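One-letter residues, chain by chain:
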Amino acid sequence: GKQWYQRRVRGEAVVSTQSTGGNATKNDKKPGKKASEDCLKSLPSVEQCRRWQESLENVLQDPKGEAHFLRFLKKEFCAENFEFWKEVKNLKKKSPQGEKLKKEVKSIYDSYIGEQASKQINVNGKLKQAIRESVDEPSLGMFDDAQKFVVQLMRDGPYRRFIDEDNLQQIMSGHG
């Protein structure tokens, strides 16, 4: 860990000035695909990568970290946990009520939890059952336990490979 950063600091292509440029923060706040693409275009700094290595939460709280982590997960064919986590996060942010909440909850359920889900996440039967029983009378917190569970799955699996120094070097050099 530390030696690699010391080597990188002495090296020539250490910090991309793009990563802290004026546009980066403005674009990072825009929801959707465009913001994610913008985050992938500007390379992360050594400092950002160091923070990502400290915790998965640091990756998930940084739009650039989110974008690079999702790209990595897609390469590993395991993006569904992240996509579920992100959809639940967005649902809570929008905080819909009534029929709109029911519709959005049903969409998340159908995509990630239900028996015919196209991107089924790996949660236990008890958790699935609790969510299934909440779909008709939904609440914003109904996916909380499943969201925590998939964060733990990501932390135990792909996150470890994502923060590997070779992978982060690839990302910082624009090849990640």
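Presented here is an overview of the structure given in this document. (Residues numbered from 1 in each chain as written. Predicted model: local features only at pLDDT ≥ 70, side-chain atom pairs only at ≥ 80, totals over all residues. Heavy atoms only, no water.)

1. Quick notes on the overall build of the protein
Inference 1: What the protein contains, in helices and strands, is 12 helices and zero strands.
Inference 2: Each helix and strand of the protein, ordered N terminal to C terminal, gives the series α-α-α-α-α-α-α-α-α-α-α-α.
Inference 3: Among the 176 residues that make up the protein, the fraction classed as buried is 44%.
Inference 4: Look at the contacts in the protein between residues 6 or more apart in sequence, and 63% of them connect residues 24 or more apart.
Inference 5: As displayed, the protein offers around 10200 Å² of accessible surface, 49% of which is attributable to carbon and sulfur atoms. (Helix = DSSP H or I, 4+ residues; strand = E, 2+ residues; numbered from the N terminus. Buried < 20%, exposed > 50% of the residue type's maximum accessible area, 1.4 Å probe, protein only. Contact = heavy atoms within 4.5 Å. Areas by Shrake-Rupley, 256 points an atom, 1.4 Å probe, with all protein chains shown as cover.)

2. A few points about the packing of helix 7 (residues 80–94) against helix 8 (residues 98–113)
Inference 1: Between helix 7 and helix 8, whose axes approach to 11 Å, the crossing angle comes to 175 degrees. One way to sum up the angle between helix 7 and helix 8 is to call them roughly antiparallel. Across from Glu80, Glu83, Phe84, Glu87, Val88, Leu91 and Lys94 in helix 7, the residues of helix 8 making contact are Leu101, Glu104, Val105, Ile108, Tyr112 and Ile113.
Inference 2: Residues of the contact of helix 7 with helix 8, tallied by class, amount to eight nonpolar, no polar and five charged. (Axes fitted to C-alpha atoms, helices over the stretch in contact; angles between N-to-C directions. Parallel < 35°, antiparallel > 145°, perpendicular 65-115°, else oblique. Nonpolar A, V, L, I, M, F, W, Y, C, P; charged D, E, K, R; others polar.)

3. Description of the nonpolar core
Inference 1: In terms of nonpolar packing, the biggest core is built from 40 residues, with Phe69, Phe84, Ile113 and Phe143 touching the most fellow members.
Inference 2: Non-local contacts of phenylalanine 69, meaning those with residues more than four positions away in its chain, are made with Leu56, Val59, Leu60, Phe82, Met154, Pro158, Tyr159 and Phe162. (Core = buried A, V, L, I, M, F, W, Y, C linked by side-chain atoms within 4.5 Å.)

4. So, the packing of helix 6 (residues 63–75) against helix 7
Inference 1: Following both chains from N to C, one finds helix 6 and helix 7 inclined at 145 degrees, their axes separated by 10 Å at the closest point. For the pair helix 6 and helix 7, contact is made by Glu66, Phe69, Leu70, Leu73 and Lys74 and by Phe82, Glu83, Trp85, Lys86 and Lys89, respectively.
Inference 2: When the residues that make up the contact of helix 6 with helix 7 are grouped by side-chain class, the tally is five nonpolar, no polar and five charged.

5. Notes on helix 8
Inference 1: The terminal C-alpha atoms of helix 8, which comprises 16 residues, lie 21 Å apart, in line with the 22 Å expected from a rise of 1.5 Å per residue.
Inference 2: Listed as buried for helix 8 are Leu101, Glu104, Val105, Ile108, Tyr109, Tyr112 and Ile113. What you see down the axis of helix 8 is that its buried residues fit within an arc of 140 degrees, all on one side. In this structure, helix 8 carries Glu99, Lys100 and Lys103 as exposed residues pointing more than 90 degrees from its buried face.
Inference 3: Contacts from the buried residues of helix 8 go to helix 7 and helix 9 (125–134). (Expected span 1.5 Å × (residues − 1). Arc of directions from axis to C-beta.)

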